[in-house]
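An overview of the molecular structure
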Amino acid sequence: ASARDQVQIAGSSTVLPYASIVAEAFGENFDYPTPVVESGGSSAGLKRFCEGLGENTIDIANASRQIKESELKICSANGVTDIIEVRIGYDGIVFASEKGGNSFAFTASDWFLALSDQILVDGAMIDNPNTTWNDVNADMPAQKLQAFIPGTKHGTREVFEDKVLLAGCEETGAFDALMAANGGDKGAAEKACITLRTDGVSVDIDGDYTETLARIESNKDGIGVFGLAFYENNTDKLQVATMADIVPSVESISSGEYPVSRPLYFYLKQAHIGVIPGLKDFAEFFVLDEIAGEDGPLAEYGLVADPELEVTQEIIADEQTIDIAM
Amino acid sequence: MSAFWLTITVLILSAFGAYAGRAQSLRVAGGDARKLHSLPKYYSSFVALGVLIPCLFVLVIWLFAQPKLIERGAEQMLNASSEPSLVMSDVRRVADGLGVAVAQGALSETEAHAPIENLRDVLGGVGVALGNEVTPDVLSAAQGMRAQEQRGNQFRMFAVLGLAALTLVFGLSRITPEFRARNAVERVVLALLITAASLAILTTVGIVLSMIFETRNFFGLHSWKDFFFGVKWAPNFRGDSELSILPLLWGTIYISLIALLVSVPIGLFAAIYLSEYAGPKTRGVAKPLLEILAGIPTIVYGLFALLTIGPLLLNTFGSGGLLGVEWMSGATAVLTAGLVMGIMLIPFVSSLSDDIINAVPQAMRDGSLGLGATKSETIRQVVIPAALPGIVGAILLAASRAIGETMIVVLGAGAIAKFSANPLDAMTTITTRIVSQLTGDGDFASPETLVAFALGLTLFVLTLGLNIIALYIVRKYREQYE
Amino acid sequence: MKENAMDNIKISAKNVQVYYADNHAIKDVNVEIEDKTVTAFIGPSGCGKSTFLRCLNRMNDTIDICRVEGDILIEGEDIYDRRVDPVQLRAKVGMVFQKPNPFPKSIYDNVAYGPRIHGLARGKADLDEIVEKSLRSAAIWDEVKDRLDAPGTGLSGGQQQRLCIARAVATAPEVLLMDEPCSALDPIATAQVEELIDELRQNFAVVIVTHSMQQAARVSQKTAFFHLGNLVEYGETNQIFTKPSDPRTESYITGRIG
Amino acid sequence: MKENAMDNIKISAKNVQVYYADNHAIKDVNVEIEDKTVTAFIGPSGCGKSTFLRCLNRMNDTIDICRVEGDILIEGEDIYDRRVDPVQLRAKVGMVFQKPNPFPKSIYDNVAYGPRIHGLARGKADLDEIVEKSLRSAAIWDEVKDRLDAPGTGLSGGQQQRLCIARAVATAPEVLLMDEPCSALDPIATAQVEELIDELRQNFAVVIVTHSMQQAARVSQKTAFFHLGNLVEYGETNQIFTKPSDPRTESYITGRIG
Amino acid sequence: MSDPVKTSLLTLDARTKKRNAAETRFRMYGLAAIGAGLAMLVLLLVTIFGNGLGAFQQTFVTLNVPLLESKLDKKGERDLAKIKKVSTFGYAQLLSQAMEDALAENGIDSDLKAKKQAALLSKSAAADLRNFVISNTDKIGETVEFTFLANSRVDGYLKNRVTRESIADDKSINAEQLDLVDELVAAGVIKKRFNISFITGADASDQRPEAAGMGVAMMGSFFMMLVVLALALPIGVAASIYLEEFAPKNWITDIIEVNISNLAAVPSIVFGILGLAVFINYMHLPQSAPLVGGLVLTLMTLPTIIISTRASLKSVPPSIRDAALGVGASKMQSVFHHVLPLAAPGILTGTIIGLAQALGETAPLLLIGMIGFIASNAPDSVASGLLDPNSAMPAQIYEWAKRADPAFYERAWGGIIILLAFLITMNTIAVLLRRRFERRW
Ligand SMILES: Nc1ncnc2c1ncn2[C@@H]1O[C@H](COP(=O)(O)OP(=O)(O)OP(=O)(O)O)[C@@H](O)[C@H]1O
Ligand SMILES: Nc1ncnc2c1ncn2[C@@H]1O[C@H](COP(=O)(O)OP(=O)(O)OP(=O)(O)O)[C@@H](O)[C@H]1O
Ligand SMILES: [Mg+2]
Ligand SMILES: [Mg+2]
Ligand SMILES: O=P([O-])([O-])[O-]
């Protein structure tokens, strides 16, 4: 067997477009071959990352979330101990509906009242009776409730649950009611908060944003959850809703005003640096200001640049690995 | 001699063996091939195979074993502190690079064995990229490895060529007029056939092995009672998920059933028309055209379900639809996926059944027509029963395909698991959940991800059971009618 | 046994020509087949006996390259008329083939097949009766009565052919065409089938192709001798066998050995 | 023509039993078949003639449920011995089947197949000669000589069977087994085949299963009568036909009709 | 067998009429089934071609680019290593310069900033230029004419996918830029024409849909099919022959038989799991390689081929086998000389369906690393075709269909057209072969 000479990356499909933009530019500007960036999801990527060291394992795992403790354990059990964590920026999560239809200004409570299985009415938890947005919030149009939200495989779903549903649950007071009902069991209360109605108002989308878009196009009432980058590429078909009166944009997310976003990472095997040609160069190239900075191509495509990019650059330059608490 | 040229040499020797075997057989028969037990070509194949098989076997083993042995030696030489496989890949890269450099004339053979300055540039110059500067011990390990490789390759050459000569002489010496060369050659062929058939078992073992450990991990984290007997499928990022296979199983069965209800009648009637009514021209055109349906990527069918069939059904059965009923609340439904999947499966049923129906002897049809049966009576009562075992096979294949389909289900039937008898409800299948959980964002060591393996293994066992039953039924039926 | 031929014509063929693509297999054959009579077709292999026989119930329709010209009338009605439904025709003109071809069904279902599709039985009991009667007349009842549910394809060659005869008889045809029905039967079974043919003759016209001149002599009243697609001679069986008028017939008949 | 039977045994079967699963189809048969002799197997349909015949060249090996016990010796060698290659055996003991079964290949290739796989011909010309000779001896050469490239399956039933005989003869067997080879032939072709059988007898042993007792009488020197799996009687043909010693033989023979 | 009622043949009795009606109905069902199947095919094809044909046309911009020595090789040493130091960002300036020159040459005034003007070009332009310079250092200092791809929005504008209304909220292009496009089209600088590199090129990142091509993925599929055909067909046929013709009927062969039909029901993703575990983790074959993809697809296709091959072997009449054995052919000879040729049509049908399935399959490729952004070079040898990372056509289509830029949507459908063309070529060969073997006996 002859030795592998290109960087091999796998993981998150959210990070994939950014990684491929970087990989392409890297291939153009360096003598190294263009890295291979596989998709398949954060979990699958990290799993392969933690499979072990060596040529027939990947060098970098992309992830739309931070690596978990339990995963690190398996990693180190397989000898993958020196892991460099690189945060490349943030992914904004936006709500959008069919262009030309009603425009929306949401709050977290609106979403909770629209989609939760049970809501608090007059001090009691009852089955969600709302059928139009107007029922949810008198300021909103009398449009039928129909939401296309990420399926349970997507990390975006977790963000949606944490930053929208749970927040709404607390805002509307339902959380306290549930805490009381569950005898102070926080876990149970949270679970109840994020339990969605099953009458077809909320539809899980397991596919990609293109599927959500198609669903909205064939169902004019639909409101979908998208990544910021996706929305920005499809402004001809979608109009974005505000959240707590903030219009989502690279700027408003970067500044932290717009609440719904999540960090994106990649993980790198230190042991592979120097062995796989171009690995470190690639990692450094990825977080260059010209690439991942505010004016770089990634931001242009929709990545919310990390305000602390310098720190990240240092981490790579110094090959700082994560401490694994064993 | 490189492995490639060695293989070529062995091939040439075995071709020579073929020639010599033929000549020798004719010689021992005194020039009269009729005195031989077998045709001369069997003697020649006997000698050729006798050379080829052992030599290639030794060569392949050698190719696998030598690098392992040499690397182990080099590893000990290095007594590497960090991950040995990585250092070794560096060593291997340097060793290979030295070979390339010598081949391209950038280094002389003697230079390649001496310490080399700025090796990275030298190798870079011949197109071998190195990650960083080469440490002396890596270089010396690489050089040692190269030397050993060269020695090993020499041994390999002697061993293989020696074996080739030996087997050649032995093969030729076996040739007598009585020698049953055909039987010997056929035994080899039979062994190959058996090997091919056993591959199915190996694959099964592989599948089970590649899933069983993760499945065990899953059952370590999640209660098997909930998995097998729970009623809800609700994975959840914070853990504490309900992961029961039953609603998924229901969705799988329901969707496959609808797909079969679409594809079996259409496919079977199409097959009947093609083989019994259509002229050769129609058949020659229609059959391959239908077969294209099997080749359209499933993503296209998925989009077709999402963009065309789903909305169409919604406009019919949904609120404000053509029928004025409100049976359907979203475009995703069991029926959507079932219909589209059915279309995809048409050629599975039609093409295979057509071949099988076509093979029913004409005498069978004559017998029925001679009794005054119409063509359709003949088909329904004589031809189809005669072709039934094969048709059942085709349908099973279609059903198998339905169970394994993902894209159409994701885009057509949705991602929500539920028990419902309404075909206009969204549901999902085991296979799509396997894909979803495997490609999701959850913690890969969590039950939410590991459940994919348990689902896969359970589905495997279930279909195995179904197949055993199907085999039993087909057997019984066949015993009656053959 | 002899009757006035003219009054009693069941099938009459006029200037029949049959082509398999370019192969002219039947050349201008004229023949009148009488009702309540057994007619034997004899002639060397490949002379067109089977082909002509298959014209009589339009079984040749199933062969794409086969073309039939001329008229074939059954009771004065042209069976190649557009209005004629070959299915109805074949119910009237039954057929037993050269190679036994039982269906891959049970023995019972093989025989019940015809009566079922033609709706001849009033009920299960009636059907049972038809099946038994047919199997009996085909001289196979005793051998299969205990295994009517066994597959018909599991029988020996001779048994299979007798089953096929039973199957044809069960549809109660008016004309029965038999293409060497006994070539796979042993003498005892042959005798029984010949008896059956004689019995059928009481009501129907039977046309039988045979290679055995003894058989033709035994069972038929009329014999037609074919040669290279031509109908060389047609007449009373004993006349054909004793004083053939055509030299070809004579040489064929005397060329026989036993 | 009569010879000393003892010196001249080609095949001898000792206590042969054949079972199809539980069906005891051949019951303790002992028989000695002579070289350069035609032996006829006769008996009612289903009595096991074909089954026993197929034991002689181990064609029964291909039927899973079929089990053969006892010894069958050809020239003193047990053909069921482990060391015997059934393929080699079958080249020595050729076979013609009851239903004609030409390969879906050209007529030429049908006949040339055996010589090719056994390496009997030295070249194209030699092969052509074998093919022609075989087709001639099967009395079909004149009919097919102009269309040797046409598919064998396109011939008429009789032609197909003669082709199959030609195919068997082409391999130059020592013993030729024929399972009702003439049941699809017309008398002229039958006579020719019978002549051929007589000719083959000069060099080989021929075993023929037939339903026609005339044929048995005409072509065979020895006759074996089977009944329900038993070999009832075996002896000189004329003795069997004139003074059968077993009452079953007698009733079968007198039960004949032509 | 009562006295038959004399009926005329010329009039149909009621029962016959009914039966004939049933006959006609039955025939119509058959016709309707074929019609339904073909109608679906037509519908699908119309959708595919309607959406995808546009991908074969692309908009190009022709510019004269001054390869300024001051930018590319300040010292004028023509030292390749130094020239390589200039990254694509450096070339961007040359492009805006060339764009300005083009406007001036054609007398077009524009208030747009240079960067906005250059944004009409594809992002691949700089890379194209850099590659040219690196391989033609002698041209530095000259002005060279280039034809660059236009940005996907510009391309969409020429294809009516992008309109002034639709870009109202679009950050990447504005109405003034479209005005400029109109003028450049009039001046003949921007042209739409057939785009061969869609058929031959490699994938491109999300920012440049205009540069993405199917060619390399096509090679990936081609090499995978090569592996599948070379392994699945012989192994499948060999296994079927053994099981159908030689295997004793015992529990071992029963197990094999059940196993095979069960493998047909195993979801394809599970084969991916197997492939990852066995071929990559255990046997250490390279990741993302068509060889591994081919092996996985082989395992997946085998049951289909085996099942259909066995069915057609079974349908060969036993009398043919008897005939061969009767003239002294060995079992092996009878199978290879007679049975196999007769079974060939069915085997080919199984192969067609199996290969079609393998060609269109994506799920298992996900796990062995063949889905994602794999923009390698076209393979230059069989070994690199099998071992170098590559994608496959359906994987490429699947990836494109997911991407955010709507320009990829058109390419996804265009890719499907290429996939179908590939499939139909493959099938035609098999169908022609099948027709040679087909006959009824
Ligand atoms: N289906 C067919 N296609 C082409 N030619 C045919 C077909 N059937 C028969 N023939 C040809 O027509 C001629 C007459 O054949 P037919 O089967 O009628 O003869 P036959 O008298 O019945 O012979 P046999 O006694 O052998 O059955 C022959 O030359 C034969 O080759
Ligand atoms: N392949 C088989 N499987 C099971 N039973 C069989 C098989 N072949 C023959 N038999 C049975 O064995 C017995 C003898 O059959 P065989 O074919 O030898 O009779 P036969 O004397 O040749 O009859 P025929 O004259 O009708 O050809 C019959 O009862 C038959 O049903
Ligand atoms: Mg005939
Ligand atoms: Mg028999
Ligand atoms: O692929 P994701 O993990 O980013 O959803």
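The residue numbering used here restarts from 1 in each chain and proceeds along that chain's sequence as written. Just so you know, chain letters begin at A and ligand numbers begin at 1, following the order they were written in. Local features in this predicted model are restricted to residues of pLDDT 70 or higher, and side-chain atom pairs are both shown and tallied only at a pLDDT of 80 or more, whereas totals for entire chains, interfaces and linings draw on every residue. Processing note: side-chain calculations cover all non-hydrogen atoms of the structure and skip hydrogens and water entirely.

1. With respect to the overall build of chain B
What counts is decided by this rule: Secondary structure elements are defined from DSSP: runs of H or I of at least 4 residues count as helices, runs of E of at least 2 residues count as strands, and each element is numbered from the N terminus. Using C-alpha atoms as the atom set, the radius of gyration is obtained and then compared with a globule rule of 2.2 Å times the number of residues to the power 0.38. Note on classification: 1.4 Å probe, protein chains only; a residue is buried when its accessible area is under 20% of the maximum for its type, exposed when over 50%, partly exposed between these limits. Here a residue-residue contact requires only that any non-hydrogen atoms of the pair lie within 4.5 Å.
When you go through chain B residue by residue, the secondary structure sums to 17 helices and 2 strands. Computed over the C-alpha atoms, the radius of gyration of chain B is 32 Å, more than 25% above the 23 Å expected from 2.2 N^0.38 for a compact globule of 482 residues. Its C-alpha atoms give chain B principal-axis dimensions of roughly 90 × 75 × 45 Å. By the burial criterion, 57% of the 482 residues in chain B qualify as buried. Excluding contacts between residues fewer than 6 apart, the proportion of contacts in chain B whose partners are at least 24 apart in sequence is 72%.

2. Considering the site of ligand 5
Our working rule: Distances are taken per atom, and a residue is near a molecule or strand as soon as one of its heavy atoms is within 4 Å of it. Polar contact criterion, stated in full: a pair of N or O atoms within 3.5 Å, where within protein one must be able to donate a hydrogen and the other to accept it, and residues adjacent in sequence count only if both atoms are side-chain atoms. Surface accessibility in these figures is a Shrake-Rupley result with a 1.4 Å probe; residues are shielded only by whichever protein chains are displayed. Three categories are distinguished: nonpolar for Ala, Val, Leu, Ile, Met, Phe, Trp, Tyr, Cys and Pro, charged for Asp, Glu, Lys and Arg, and polar for the others, with Gly belonging to the last.
Near ligand 5 you find Ser12, Ser13, Thr14, Gly41, Ser42, Ser64 and His154 of chain A together with Asp441 of chain B, and these make up its full shell. Bordering ligand 5 are residues originating from chains A and B. For ligand 5, an oxygen atom lies 2.4 Å from a polar atom in the side chain of threonine 14 of chain A. Here an oxygen atom of ligand 5 and a side-chain polar atom of serine 42 of chain A are 2.4 Å apart. Contact with the protein chains covers 97% of the free accessible surface of ligand 5, which is 200 Å². Residues belonging to the shell around ligand 5 are distributed by class as follows: no nonpolar, 7 polar and 1 charged.

3. Focus: empty space enclosed by the protein
Here is the rule: Each cavity reported here is a set of points on a 1 Å grid over the protein atoms alone in which a 1.4 Å probe fits but cannot get out, each pocket an open set with protein on both sides within 12 Å along at least five of seven lines, and each lining residue one with an atom within 4 Å of a point. Grid points are joined across faces, edges and corners, and a volume is the space filled by probe spheres set on the points.
Taken as a whole and judged by the stated rule, the model has 7 cavities of 30 Å³ or more. Of the voids in this model, the second largest cavity is the one considered here, and its volume is about 260 Å³. Lining of the second largest cavity is provided by 27 residues; of these, Arg401 of chain B together with Ser268, Met300, Gln357 and Glu361 of chain E occupy positions nearest its centre. Contributing elements (two or more residues each) for the lining of the second largest cavity: α10 (280–295), α12 (334–358) and α14 (375–404) of chain B together with α11 (251–265), α12 (268–282), α13 (290–314) and α15 (331–360) of chain E. Looking at the lining of the second largest cavity, the element that brings in the most residues is α14 of chain B, giving 4 residues. Of the residues contributing to the lining of the second largest cavity, the split by class is 14 nonpolar, 10 polar and 3 charged.

4. Focus: the packing of helix α13 (residues 362–370) of chain B against α14 of chain B
Residues and elements named next belong to chain B. To be explicit about the condition: Fitted lines through C-alpha atoms serve as axes, helices being fitted only where they are in contact, and the angles separating the N-to-C directions of these axes extend from 0 to 180 degrees. For classification purposes, angles smaller than 35 degrees are called roughly parallel, those larger than 145 roughly antiparallel, those between 65 and 115 roughly perpendicular, and all remaining angles oblique. Take the far helix as the reference: if the near one is turned anticlockwise from it by less than a right angle, the crossing is left-handed, and if turned clockwise, right-handed.
The contact between α13 and α14 brings their axes to 9 Å, and the two run at 125 degrees. Judged by the inter-axis angle, α13 sits oblique to α14. Crossing geometry of α13 relative to α14 is assigned as right-handed. Residues Met364, Arg365, Ser368 and Leu369 of α13 form the contact with α14, whose own contacting residues are Lys375, Thr378, Val382 and Val383. Of the residues belonging to the contact of α13 with α14, the class tally is 4 nonpolar, 2 polar and 2 charged.

5. Thoughts on the sheet that holds strand β4 (residues 66–74) of chain C
All names here are of chain C. Note the cut-off: We treat two strands as partners when DSSP finds at least two bridges between them.
Here we have 4 strands laid out as an open sheet, ordered β2-β1-β4-β5, and antiparallel in their pairing. In this open sheet, the two strands that pair with only one neighbour each are β2 (23–34) and β5 (77–78). Of the strand pairs in this sheet, β4 and β5 are connected by 2 bridges, and their pairing is antiparallel. Along β5, the bridge assignment pairs leucine 73 with aspartate 78.

6. Brief notes about the UniProt feature "domain: ABC transmembrane type-1" (unreviewed entry) in chain B
Put simply, the rule is: UniProt positions are given in the numbering used here, feature names are shortened, and annotations may be inferred rather than shown by experiment.
Here, the residues flagged by UniProt with the feature "domain: ABC transmembrane type-1" (unreviewed entry) are residues 249–470 of chain B. Counting secondary structure, residues 249–470 of chain B comes out at 76% helix and 0% strand; the distance between its end C-alpha atoms is 19 Å.

7. With respect to the interface of chain E and chain B
Note the following rule: Think of a salt bridge as a Lys or Arg side-chain nitrogen and an Asp or Glu carboxyl oxygen that are within 4 Å of each other.
Tallying the contact residues gives 86 residues for chain E and 90 residues for chain B. Run the count over chain E and chain B and you get 2 salt bridges. Linking glutamate 377 of chain B and arginine 19 of chain E is a salt bridge whose minimum nitrogen-to-oxygen distance equals 2.7 Å. In this structure, the connection of chain E to chain B is made through 15 residue pairs in polar contact (both at pLDDT 80 or more). Top element by residues in the side of chain E that touches chain B is helix α1 (residues 14–52) of chain E. It accounts for 19 residues. Considering only residue class, the side of chain E that touches chain B consists of 59 nonpolar, 16 polar and 11 charged.

8. Some points on the interface of chain B and chain D
Condition: Accessible area that two parts lose when put together, evaluated with a 1.4 Å probe and summed over both, is termed the buried area.
Of the residues lining the interface, 8 residues belong to chain B; the matching set on chain D comes to 11 residues. Taking both partners together, chain B and chain D bury about 740 Å²; carbon and sulfur atoms supply 38% of that area. Ranking the residues of chain B by area buried against chain D places Arg34, Leu39 and Arg180 of chain B at the top, with a combined share of 61%. Our count for the contact surface shared by chain B and chain D stands at 1 salt bridge. Close ionic contact of arginine 182 of chain B with aspartate 85 of chain D constitutes a salt bridge, the shortest N to O distance being 3.1 Å. Linking chain B with chain D are 5 residue pairs in polar contact (both at pLDDT 80 or more), by the criterion used here. Partitioning the side of chain B that touches chain D into residue classes produces 1 nonpolar, 3 polar and 4 charged.

9. As for the state of the cysteines
All names here are of chain A. Defined as follows: Pairs of cysteine sulfur atoms within 2.5 Å are identified as disulfides in what follows.
Applying the stated criterion across every chain yields a total of 2 disulfides over all chains. Disulfide pairing places cysteine 50 opposite cysteine 75 at an S-S distance of 1.9 Å. Sign of the S-S torsion, about -70 degrees for the bond between cysteine 50 and cysteine 75, identifies this disulfide as left-handed. Residue cysteine 50 is located in the loop between α2 (42–49) and β3 (60–63), and its partner cysteine 75 is located in helix α3 (residues 69–77); the two are separated by 25 residues in the primary sequence.

10. A word on unusual backbone geometry
Positive phi, normally seen in glycine, also occurs at glutamate 75 of chain C, with a value near 50 degrees. With respect to the secondary-structure elements, glutamate 75 of chain C resides in the loop between β4 and β5. Of note, the phi angle at alanine 172 of chain D is positive, near 50 degrees, even though the residue is not glycine. Inspection of the secondary structure puts alanine 172 of chain D in the loop between α6 (157–170) and β7 (175–179).

11. Considering the confidence of the model for chain B
Residue and element names in this part refer to chain B. Rules: How sure the predictor is of each residue is captured by pLDDT, a score from 0 to 100.
Residue-level pLDDT values for chain B average 85, and 95% of them are 70 or greater. When pLDDT is averaged over each helix and strand of chain B, the minimum, 72, is found for helix α5 (residues 119–125) and the maximum, 93, for helix α9 (residues 245–277). The ipTM assigned to the predicted complex is 0.82, against a pTM of 0.85.

12. As for the site of ligand 2
Near ligand 2, the surroundings consist of 18 residues, among which Ser45, Gly46, Lys49, Ser50 and Thr51 of chain D are the closest. Near ligand 2, the surrounding residues belong to chains C and D. Contact between ligand 2 and lysine 49 of chain D: an oxygen atom at 3.0 Å from a main-chain N or O atom of the residue. Between threonine 51 of chain D and ligand 2, the recorded distance is 2.4 Å, taken from a side-chain N or O atom to an oxygen atom. Isolated, ligand 2 exposes 630 Å² of accessible area, and the fraction of that covered by the protein chains is 78%.

13. A look at the pattern of salt bridges
In total, this model carries 81 salt bridges over all chains according to the counting rule given. Of the charged contacts, one joins glutamate 214 of chain B and lysine 47 of chain A as a salt bridge, the two residues approaching to 2.3 Å between their closest N and O atoms. One end of the pair, glutamate 214 of chain B, is in helix α7 (residues 181–221); the other, lysine 47 of chain A, is in helix α2, on a second chain. In this structure, arginine 310 of chain E engages glutamate 244 of chain E in a salt bridge whose closest nitrogen and oxygen atoms are separated by 2.9 Å. With a gap of 66 residues between them, arginine 310 of chain E in helix α13 and glutamate 244 of chain E in helix α10 (residues 215–246) connect regions that are remote in the sequence. Here arginine 310 of chain E and glutamate 244 of chain E have matching classes, each one buried. The structure contains a network of salt bridges with shared partners spanning Arg283, Lys287, Asp354 and Asp355 of chain B.

14. Re the sheet that holds strand β3 (residues 38–42) of chain C
All names here are of chain C. In spatial order, the strands read β6-β7-β8-β3-β9-β10; together these 6 strands make up an open sheet with mixed pairing. Here the strands that pair on one side only, and so sit at the sheet edges, are β6 (93–96) and β10 (230–236). Strand-to-strand twist across the sheet, computed as the mean angle between neighbouring axes with direction ignored, equals 15 degrees. Where strand β7 (residues 175–179) and strand β8 (residues 205–209) come together, 5 bridges link them in parallel fashion. The residue bridging methionine 178 from the neighbouring strand is isoleucine 208, located in β8. Those strands touched by helix α6 (residues 157–170) are β6 and β7, and its axis lies near 175 degrees from that of β6.

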